[in-house]
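The primary structure of each chain is shown beneath.
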Amino acid sequence: MILLDGKIASAETRKLLAEKVSVLKTKGHPTPHLAAVLIGNNGASETYVASKIKNCAEVGFQSTLIRFTDDVEETELLEKIKELNEEANVDGILVQLPLSKHIDEEKVIHAITPAKDVDGFHPVNIGNLVQGSPTFIPATPYGIILLLQHYNINVKGQHAVVIGRSNIVGRPMSILLSSNQPYGNATVTICHSHTHNLKELCLQGDIIVAALGKPGFVTADMVKDGAIVIDVGITRVEDVTAKKGFRIKGDVNFEEVAPKTSYITPVPGGVGLMTIAALLSNTLRAYMLRHNLNEDIFTT
Ligand code: NAD
């Protein structure tokens, strides 16, 4: 079993990005800038946003955190997004999900201009993804692709079983894996809460991507020998022995599944770190497009 180590792979992506930012600065270009919008003070969201901001600093990006209280009016939030859309020196906008119940998530996602939608959730970007056109790939599935590429794993012709069909993870993951792209060409089965015979389907998977948000759901009896297992799940599970009072658990029962696999991601230290690396890559892409720059700038 080989660990698909998000720490190593994400560090490599960040190093490449930092080198590019340094070239841009040397050549007198402005700094790529990510604006993050955080509503309320949900513990997990606070942690994710703090980590994204920290990673921006590490690669030399500028970042701005815009905070709203839980009771922010939807109109106020939409107004801020409009402002960020128009702000010349902002390249990427992310609104940390989930939002408070009184805010229409779809409206917020649609309000972000596709050119700055570095989370890749806007229908225009999702449409491009479906058609195989250049786009901002949603950060988590993109991070998984970067991780597979880092370990030279080719999924062509393999059977991938994706558990979960959310717009941010499962569904785009299934599209990427089945796409006619160098990182795709797998045969994909997408499973969800109404799937019958989930265990039998999983047992057919050369690759299993677990993205359902149920800690320890995938057990050893669901995984065939030599499978590649990608664990997307992040759930806080109460643990009085832990300093923070909780532990992060993935959707895979790592201890019993790992010995059966050829490759497996740990949680934490796997997909989560890659998600942030992918978000930063998308931000640089947004910057390059907005400034009419291409990769030549890094080689000439
Ligand atoms: P979601 O709740 O939007 O979707 C869950 C999906 O799982 C649904 O499509 C549902 O049909 C399916 N599902 C639920 N129970 C099932 C069952 N018993 N059998 C089969 N399918 C079932 O969740 P999400 O936003 O896609 O997130 C999934 C998990 O991934 C969560 O733990 C979340 O915290 C985590 N996540 C991690 C990252 C990361 O960076 N690592 C990013 C996003 C989400």
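Residues numbered from 1 in each chain as written. Predicted model: local features only at pLDDT ≥ 70, side-chain atom pairs only at ≥ 80, totals over all residues. Heavy atoms only, no water.

## Description of the sheet that holds strand E6 (residues 187-191)
Selection criterion: Pairing between strands requires that DSSP locate at least two bridges from one strand to the other. Numbering goes from the N terminus for both helices and strands, where a helix is a DSSP run of H or I of at least four residues and a strand is a run of E of at least two.
Read across the sheet, six strands follow the order E1-E11-E8-E7-E5-E6 without closing on themselves; strand pairing throughout is parallel. The sheet is open, and its two edges are formed by strand E1 (2-3) and E6, each paired on a single side. Here four bridges tie strand E5 (residues 159-163) to strand E7 (residues 207-210), and the two strands are oriented parallel to one another. Across the sheet, residue Ala160 finds its bridge partner in E7, namely Ile207.

## With respect to the environment of Leu177
As a reminder of what qualifies: With a 1.4 Å probe rolled over the protein chains alone, any residue whose accessible area is under 20% of its type maximum counts as buried; one over 50% counts as exposed, and the rest are partly exposed. The contact definition used throughout considers only heavy atoms, calling two residues in contact when any of these lie within 4.5 Å.
Note on placement: Leu177 falls in helix H7 (residues 170-178). According to the relative accessible area criterion, Leu177 is buried, its value standing at 1%. Considered as a pair, Leu177 and Arg67 are 110 residues apart in the sequence and their alpha carbons are 35 Å apart. Residues contacting Leu177, with those up to four places away along its chain left out, are Ile145, Val155, Ala160, Val162, Gly184, Asn185, Ala186, Val188 and Val209.

## Details of the site of the ligand
To keep it simple, the criterion reads: For this description, a residue counts as near a given molecule or strand if any of its non-hydrogen atoms is within 4 Å of it. Here a polar contact means two N or O atoms within 3.5 Å. Within protein one must be a hydrogen donor candidate and the other an acceptor candidate, and residues neighboring in sequence count only if both atoms are side-chain atoms. Surface exposure here means Shrake-Rupley accessible area, sampled with a 1.4 Å probe, where a residue is shielded only by the protein chains that are shown.
Near the ligand lie 22 residues; those nearest to it are Arg165, Ser166, Lys214, Ile234 and Thr275. Lys214 places a polar side-chain atom, nitrogen or oxygen, 2.9 Å from a nitrogen atom of the ligand. Between the ligand and the protein, one listed contact pairs a nitrogen atom with a backbone N or O atom of Val232 at 3.3 Å. Taking 860 Å² as the accessible area of the ligand by itself, protein coverage stands at 74%.

## With respect to the pairing of strand E2 (residues 33-39)
Heads up, the rule is: Crossovers are described as right-handed under a simple rule: with the strands pointing away from the observer, the path leading from the first strand over the helix to the second runs clockwise.
Counting buried positions along E2 yields seven of seven residues, so the element is predominantly enclosed. Taking every second residue as pointing to the same face, both faces of E2 are buried, with His33, Ala35, Val37 and Ile39 on one and Leu34, Ala36 and Leu38 on the other. Where the polypeptide runs from E2 across helix H2 (residues 43-59) and back to strand E3 (residues 62-68), its parallel neighbour, the crossover connection is right-handed. Across four bridges, the pairing between E2 and strand E4 (residues 92-95) is parallel. The residue of E4 that forms the bridge with Leu34 is Gly92.

## Considerations on the packing of aromatic side chains
Selection rule: Put simply, two rings from Phe, Tyr or Trp (the six-membered ring, in Trp's case) pair if the centres are within 6.5 Å, and we call them stacked under 30 degrees between planes, edge-to-face over 60, tilted for the rest. A ring is scored as having a charge over it whenever the NZ atom of a lysine or the CZ atom of an arginine sits within 6 Å of its centre and within 35 degrees of its normal.
Enumeration over the complete set of coordinates arrives at zero aromatic pairs. In this structure, Arg285 is placed above the aromatic ring of Phe136, and the distance from its NZ or CZ to the ring centre is 4.8 Å.

## A short note on the domain arrangement of the protein
Rules: The split into domains, and so the bounds of each, comes from an automatic or database assignment of domains.
Split into domains, the protein comes out as domain 1 (28-113) and domain 2 (139-272). Look at where the C-alpha atoms of domain 1 and domain 2 centre, and you get two points 27 Å apart.

## Side note on the sheet that holds E4
Note the cut-off: In this analysis, axes come from line fits to C-alpha atoms, helices being fitted only over the stretch in contact, and the angle between any two N-to-C directions falls in the range 0 to 180 degrees.
The sheet built from three strands is open, its strands ordered E3-E2-E4 with parallel pairing. With one partner strand each, in any of the chains shown, E3 and E4 form the two edges of the open sheet. Ignoring which end each strand starts from, the neighbouring axes of this sheet average 15 degrees apart. Strand direction decides the pairing type here: E2 and E3, joined by seven bridges, are parallel. When the bridges of E3 are listed, Ala36 appears paired with Leu65.

## Observations regarding the pairing of E7
Alternating positions in E7 separate into two faces, Ile207 and Val209 on one and Ile208 and Ala210 on the other, with burial throughout. Relative to strand E8 (residues 228-231), E7 is paired through four bridges, and the arrangement is parallel. The residue bridging Val209 from the neighbouring strand is Ile230, located in E8.

## Details of the nonpolar core
Just so we agree on the cut-off: Side-chain atoms within 4.5 Å link the members of a nonpolar core, which is a set of buried Ala, Val, Leu, Ile, Met, Phe, Trp, Tyr and Cys residues.
Counting residues in hydrophobic clusters, the biggest one holds 51 residues, and the most contacted among them are Ile144, Leu177, Val209, Ile230 and Val232. Considering every element that reaches this core, the biggest residue donor is helix H10 (residues 271-290), with nine residues. A domain split of this core shows at least three residues from each of domain 1 (28-113) and domain 2 (139-272). Counting 19 residues, the second-largest nonpolar core is a separate cluster that includes Ile66, Val72, Val90 and Phe121.

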